[in-house]
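Architecture and fold: a report
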Amino acid sequence: MRRLSWFNATSLTLGFAFLYLPMVVLVVYSFNANKLVTVWAGFSTRWYGELFRNEAFLDAAWVTLRVALVSSTLATILGTAAAYVLVRGGRFFGRTLFSGMLYAPLVMPDVILGLSLLLLFISIGLDRGMITIILAHTTFSMAYVAVVVTSRLVAFDHSLEEAARDLGCNRWDAFRLVTLPIIAPAVISGWLLGFTLSLDDLVIASFTSGPSSTTLPIKIFSAVRLGVSPEINALSAILIGIVTVGVITTSLMSKRAIAKRIRDENRAET
Amino acid sequence: MRRAALIALPYMWLLALFFVPFLIVLKISVSDYALSIPPYTPTLDLSQGWQGIRDWWAGLDFENFIFLTTDSLYWRAYLSSLKIAVFSTIMTLIVAYPIAYGMSRAKDEWRPTLLMLVILPFWTSFLIRVYAWKAILAQEGFLNQVLINLGLIGEPLTILNTNTAVYIGIVYTYLPFMVLPLYAALEKLDESLLEAAEDLGCSRASAFWLITLPLSKQGIIAGSFLVFIPVMGEFVIPTLLGGSDTLMIGKVLWEEFFSNRDWPVASAVAIVLLAILIIPIVLFIKNEEKQWEKDI
């Protein structure tokens with residue numbers, strides 16, 4: 001039996017208060033009419049209006065969105081392929097180097113990744129812009145996709161794939177018709193993870209972006225480096241809102257999917 | 001044939017965009033600073049043929065690495081990063097453990113919601129979560145206002161722009177990275193082991209030390225790597241929350257590159273940082289692989 005003792009209840013309450021209080025404070029301050037962020041002067045949506053009139057922020061948001069869409073899609077394709085060959089591919093030349101290169105970006109400090117990629121782009125003469133940010137983001141997002149997909153691949157029954165091949169599927173059809181639908185949830189969450197990481201990245205984008213391709217985090221960072229800014233509070237509140245709605249929706253959907261599967265399984269048994 | 005293509009595609013990508021860039025950093029770290037474009041010498045001039053390669057090779061030296069040892073700024077920054085990374089990993093572990101433990105002991109129907117509550121900040125922008133602390137820890141910020149209104153302090157505390165703020169920022173932003181692996185380990189723990197220990201006369205505290213803690217070792221190791229390694233190179237947190245006396249090597253590298261435009265020294269700083277981190281990184285990767293192999 002599992003019970004929630006007072007100790008566990010207290011640590012959970014304090015822990016979640018610590019995790020959420022700063023975000024709540026930020027959202028509340030975003031509705032402060034005062035330009036001095038921490039001095040309350042009544043409710044206002046003024047800063048949201050100013051934010052949407054700020055062309056520079058809108059441009060940066062558009063660049064960031066395009067970079068994130070392209071890089072997370074590329075990373076999903078490459079990362080899924082990488083996870084598949086590592087789990088199912090057996091032995092091949094340089095496998096250790098391959099898995100090392102694949103997982104290292106998970107923990108490698110951003111400053112090292114950013115610096116090394118920038119020096120590469122300069123030495124091959126590639127002009128810095130959206131393309132270089134996309135290449136850089138794909139490289140580190142790939143690692144996250146690979147981890148998520150690997151955990152799903154090792155968990156599912158290998159014999160399903162073998163059965164498909166016994167029934168006359170070639171390798172590609174077996175992958176497309178059997179493996180892919182089963183690992184699809186992991187592939188989708190890998191894509192979402194890559195997308196969020198790309199939206200969020202400041203350090204690598206700072207190294208690899210050119211003057212015409214400023215991303216939103218670079219803009220936010222230069223605005224808040226010296227102090228707090230009411231416009232950035234409004235922007236943060238919007239981003240927190242989007243993430244909250246997204247995460248709650250997906251978790252409700254997966255809950256419903258699990259409930260449906262359990263119902264179907266019960267029906268199949270009776 | 002298809003298998004070869006499937007392997008080759010991600011392999012080539014990683015070789016070109018992960019492996020080769022490191023070789024370039026290594027090369028530039030042994031070059032010299034110059035007022036030119038690109039800002040270092042010697043540059044490899046292949047049009048000169050064999051002589052060009054020989055000139056290039058002769059121009060390389062370890063001057064930048066010697067420079068790093070002579071200017072105390074660098075080794076103090078490495079030591080200070082190491083200290084901050086070690087202490088903040090321990091603090092994150094201490095804060096995360098009770099949360100992960102509480103989650104793993106919660107009722108089954110509660111656990112997906114609790115898990116979602118830990119994952120949600122993880123999806124929220126890192127930069128914004130660090131920035132949120134600026135308005136809380138400032139002199140006239142939220143925390144000082146609350147404490148003064150409660151009458152606990154008379155004068156506002158100076159927390160922002162000190163190392164304390166850096167520690168708070170690190171523990172806060174890296175907390176989900178520690179909670180999730182700990183929870184994964186603690187969730188698998190068989191409750192009957194603890195009941196058996198209690199039946200055999202173990203106190204709750206010693207049952208925790210003898211059973212729960214050793215069985216959650218895997219989570220502690222994975223979580224500590226996930227916090228320690230990136231914190232060593234952290235740039236955003238010391239820049240936004242730390243003061244002018246907060247020394248961290250990620251910040252030094254950034255300034256060396258963007259403010260001083262000294263690419264060879266910035267590269268040397270990166271190589272030394274990588275040399276420090278290579279052992280933890282290899283251990284982390286080995287540990288991950290061991291986990292997968294166990295599951296297969």
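Residues numbered from 1 in each chain as written. Chains lettered and ligands numbered in written order. Predicted model: local features only at pLDDT ≥ 70, side-chain atom pairs only at ≥ 80, totals over all residues.

**A short note on the overall build of chain A**
The helix and strand tally for chain A stands at eleven helices and zero strands. Order of helices (α) and strands (β) in chain A, N terminus to C terminus: α-α-α-α-α-α-α-α-α-α-α. Along the longest, intermediate and shortest principal axes, the C-alpha atoms of chain A span 70 × 60 × 35 Å. Within chain A, the proportion of its 270 residues that are buried is 43%. A separation threshold of at least 6 residues defines the contact pool for chain A, and within that pool the share at least 24 residues apart is 77%. (Helix = DSSP H or I, 4+ residues; strand = E, 2+ residues; numbered from the N terminus. Buried ≥ 20, exposed ≤ 12 C-beta atoms within 10 Å, placed from the backbone. Contact = placed C-beta atoms within 7 Å.)

**Focus: the overall build of chain B**
When its secondary structure is counted, chain B shows 14 helices and two strands. By the compact-globule yardstick of 19 Å for 296 residues, chain B is too spread out, its C-alpha radius of gyration being 24 Å. Projecting the C-alpha coordinates of chain B onto the three principal axes gives extents of approximately 80 × 65 × 35 Å. Across the 296 residues of chain B, 42% fall into the buried class. Put simply, of all contacts in chain B between residues at least 6 apart along the chain, 71% involve residues at least 24 apart. (Rg over C-alpha atoms; globule rule 2.2 N^0.38 Å.)

**Remarks on the interface of chain A and chain B**
By a widely used convention, the size of an interface equals the accessible area lost when the partners come together. Tallying the contact residues gives 69 residues for chain A and 78 residues for chain B. In terms of residues, the side of chain A that touches chain B owes the most to one element, helix H1 (residues 6-29) of chain A, which gives eleven residues. The residue makeup of the side of chain A that touches chain B, split by class, is 49 nonpolar, 15 polar and five charged. (Nonpolar A, V, L, I, M, F, W, Y, C, P; charged D, E, K, R; others polar.)

**Quick word on helix H4 (residues 72-105) of chain B**
One full turn of an α-helix is made of 3.6 residues, so residues set three or four places apart face in the same direction. With 34 residues, H4 of chain B should reach 50 Å at 1.5 Å per residue; the first-to-last C-alpha distance of 49 Å fits that figure. At Ala96 of chain B, H4 of chain B shows its strongest bend, of approximately 30 degrees, with the proline Pro98 of chain B following within four residues. (Expected span 1.5 Å × (residues − 1). Bend = angle between axes of the 7 residues up to and from the residue.)

**Side note on the UniProt feature "transmembrane region" (unreviewed entry) in chain B**
All names here are of chain B. As annotated in UniProt, the feature "transmembrane region" (unreviewed entry) corresponds to residues 12-30, 77-101, 113-132, 165-186, 220-243 and 263-285 in the numbering used here. Annotated as residues 12-30, this span is 95% helix and 0% strand, and its ends, taken at the C-alpha atoms, are 26 Å apart. Helix makes up 100% of residues 77-101 and strand 0%, with an end-to-end C-alpha separation of 35 Å. (UniProt positions renumbered as here; feature names shortened; annotations may be inferred.)

**Remarks on the UniProt feature "transmembrane region" (unreviewed entry) in chain A**
Residues and elements named next belong to chain A. Per the UniProt record, the feature "transmembrane region" (unreviewed entry) sits at residues 12-31, 67-87, 99-124, 130-154, 174-193 and 232-253. For residues 130-154, helix accounts for 100% and strand for 0%, while the C-alpha atoms at its two ends are 35 Å apart. Secondary structure over residues 174-193 splits into 100% helix and 0% strand, and the C-alpha atoms at its two ends are 27 Å apart.

**Some remarks on the UniProt feature "domain: ABC transmembrane type-1" (unreviewed entry) in chain B**
In the numbering used here, UniProt assigns the feature "domain: ABC transmembrane type-1" (unreviewed entry) to residues 78-284 of chain B. For residues 78-284 of chain B, helix accounts for 78% and strand for 0%, while the C-alpha atoms at its two ends are 21 Å apart.

**Side note on the environment of Leu120 of chain B**
Mapped onto the secondary structure, Leu120 of chain B falls in helix H5 (residues 111-123). Exposure remark for Leu120 of chain B: the 20 C-beta atoms within 10 Å place this residue in the buried category. With 56 residues separating them along the chain, Leu120 of chain B and Pro176 of chain B place their C-alpha atoms 9.1 Å apart. Each residue touching Leu120 of chain B, except ones within four places of it in the same chain, is listed here: Val243, Thr244 and Val247 of chain A.

**Observations concerning the confidence of the model for chain B**
Detailed reading of predicted coordinates is not advised where the pLDDT is low. On average, chain B scores 87 in pLDDT, and the residues at 70 or more come to 96%. What the predictor reports for the complex is a pTM of 0.88 with an ipTM of 0.86. (pLDDT = per-residue confidence, 0-100.)

**A few points about the nonpolar core**
Core analysis: the largest hydrophobic core is formed by 162 residues, its most contacted members being Leu115 of chain A together with Val179, Leu253 and Val269 of chain B. Here this core takes 15 residues from helix H8 (residues 163-187) of chain B, the largest share from any one element. (Core = buried A, V, L, I, M, F, W, Y, C linked by C-beta atoms within 7 Å.)

**Digging into the environment of Ser189 of chain A**
All names here are of chain A. As for its position among the elements, Ser189 is in helix H8 (residues 171-200). According to the C-beta neighbour criterion, Ser189 is partly exposed, with 17 such atoms within 10 Å. Spatially, the C-alpha atom of Ser189 lies 20 Å from that of Ala104, the residues being 85 residues apart in sequence.

**Overview of the packing of helix H11 (residues 230-269) of chain A against H5 of chain B**
Geometry of a packed helix pair, given as the angle between the helix axes and the separation of the axes. Put simply, H11 of chain A and H5 of chain B touch, their axes get as near as 10 Å, and they point 145 degrees apart. Viewed along their axes, H11 of chain A and H5 of chain B form a crossing whose handedness is right-handed. Taking contact as the criterion, the partners of Val243, Thr244, Val247, Ser251 and Lys255 of chain A in H11 of chain A are, on H5 of chain B, Pro112, Met116, Ile119, Leu120 and Trp123 of chain B. Tallied by class, residues from the contact of H11 of chain A with H5 of chain B come to seven nonpolar, two polar and one charged. (Axes fitted to C-alpha atoms, helices over the stretch in contact; angles between N-to-C directions. Left-handed = near helix turned anticlockwise from the far one by under 90°.)

**A short note on the confidence of the model for chain A**
On average, residues of chain A carry a pLDDT of 88, and 98% of them reach 70 or more. No element of chain A has a lower mean pLDDT than helix H7 (residues 158-166) of chain A, at 84, and none a higher one than helix H9 (residues 203-208) of chain A, at 94.

**Describing the packing of helix H9 (residues 191-199) of chain B against helix H10 (residues 204-215) of chain B**
Residue and element names in this part refer to chain B. Axis separation between H9 and H10 bottoms out at 10 Å; the angle between their running directions is 140 degrees. By the angle class used here, H9 and H10 are oblique. Seen from above, H9 lies across H10 with right-handed handedness. For the pair H9 and H10, contact is made by Leu193, Leu194, Ala197 and Glu198 and by Ala207, Leu210 and Ile211, respectively. For the contact of H9 with H10, the per-class residue count stands at six nonpolar, no polar and one charged. (Parallel < 35°, antiparallel > 145°, perpendicular 65-115°, else oblique.)

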